[in-house]
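Observations on the model geometry
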Amino acid sequence: MSGATGSCLCGAVTITVPRRPDYINACNCSACTKLGWRCFYFGSEEVAIAGRVDSYVRADIVEPSLEVMRCAMCGCPAYWQPLSDPPHERMGFNANLFDAAFLDGAEVRPVDGRSWPL
């Protein structure tokens, strides 16, 4: 299957990925649960992201390593990226922004993020 484009609620942020992911993580940590987040991964050089975003870095983590990027218009969480400079080997993309038909066949992996130390 070829790539697809997903978008936030208002359509101002779009993400184009090269192919269907092999799997989607369904994490139960407090952030993923409250943000309604299911995640798949690509490197920054494999995707095209358009639109104005703002970011959120968790203040409750001793040494945060990533920031959640969300649409500056509707606030929809779109992707996360490492706090390091790009290019990024791995970024997480919100699977809920993509059509279900595109993701059909990707394995959904439960992740017990609630057991991770902050």
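Residues numbered from 1 in each chain as written. Predicted model: local features only at pLDDT ≥ 70, side-chain atom pairs only at ≥ 80, totals over all residues. Heavy atoms only, no water.

Quick word on the overall build of the chain
Tallying secondary structure elements over the chain gives two helices and 10 strands in all. Moving toward the C terminus, one meets the helices and strands of the chain in the order β-β-β-α-β-β-β-β-β-β-α-β. Judged by the C-alpha coordinates and their principal axes, the chain covers about 40 × 30 × 25 Å. Buried positions account for 38% of the 118 residues belonging to the chain. The contacts of the chain with a sequence gap of at least 6 include a subset with a gap of at least 24, amounting to 59%. Here the chain has roughly 6,900 Å² of accessible surface; of this, 52% comes from carbon and sulfur atoms. If the 10 positive side-chain charges of the chain are averaged to one point and the 13 negative ones to another, these points end up 7 Å apart. (Helix = DSSP H or I, 4+ residues; strand = E, 2+ residues; numbered from the N terminus. Buried < 20%, exposed > 50% of the residue type's maximum accessible area, 1.4 Å probe, protein only. Contact = heavy atoms within 4.5 Å. Areas by Shrake-Rupley, 256 points an atom, 1.4 Å probe, with all protein chains shown as cover. Lys, Arg positive; Asp, Glu negative; His and termini not counted. Charge placed at Lys NZ, Arg CZ, Asp CG, Glu CD.)

Quick notes on unusual backbone geometry
Geometrically, the link from Pro86 to Pro87 is a cis peptide bond, its omega value of 5° lying close to zero. Its place among the elements puts Pro87 in the loop between strand 8 (77-82) and strand 9 (91-94).

Overview of the sheet that holds strand 1 (residues 4-7)
The three strands are arranged 1-2-5 in an open sheet whose pairing can be described as antiparallel. Across the chains shown, the open sheet's two edge strands, defined by having one partner strand only, are strand 1 and strand 5 (48-50). Neighbour-to-neighbour, the strand axes of this sheet turn through a mean angle of 15°, independent of strand direction. Pairing analysis gives three bridges linking strand 2 (residues 14-17) to strand 5, with the strands arranged antiparallel. Bridge pairing links Ile15 to Ile49 in strand 5. (Pairing = 2+ DSSP bridges. Axes fitted to C-alpha atoms, helices over the stretch in contact; angles between N-to-C directions.)

So, the pairing of strand 2
Burial along strand 2 is one-sided: Ile15 and Val17 are buried, and none of Thr14 and Thr16, which face the opposite way, are. In terms of strand pairing, strand 1 meets strand 2 through four bridges, oriented antiparallel. Across the sheet, Thr5 pairs through a bridge with Thr16, a residue of strand 2. Counting the residues between successive antiparallel strands, the hairpin from strand 1 to strand 2 contains six residues, one of them, Gly11, with a positive phi of roughly 85°.

Description of the environment of Gly113
With respect to the helices and strands, Gly113 occurs in the segment after strand 10 (107-111). Note on Gly113: relative accessible area 6%, which makes it buried. Remark: the alpha-carbon pair of Gly113 and Tyr79, spanning 34 residues in sequence, is separated by 17 Å. Setting aside residues up to four positions removed in sequence, Gly113 forms contacts with Cys27, Asn28 and Cys29.

A look at the environment of Leu103
Tracing the chain through its elements places Leu103 in helix 2 (residues 100-103). On the basis of relative accessible area, Leu103 is assigned to the buried category, the value being 7%. Separated by 56 residues in sequence, Leu103 and Val47 have C-alpha atoms that sit 16 Å apart. In this view, Leu103 contacts Arg20, Pro21, Ile24, Arg38, Phe40, Ala95 and Phe98; residues no more than four positions away in its chain are not counted.

Such coordinate-based values are descriptive only and should not be taken to indicate function.
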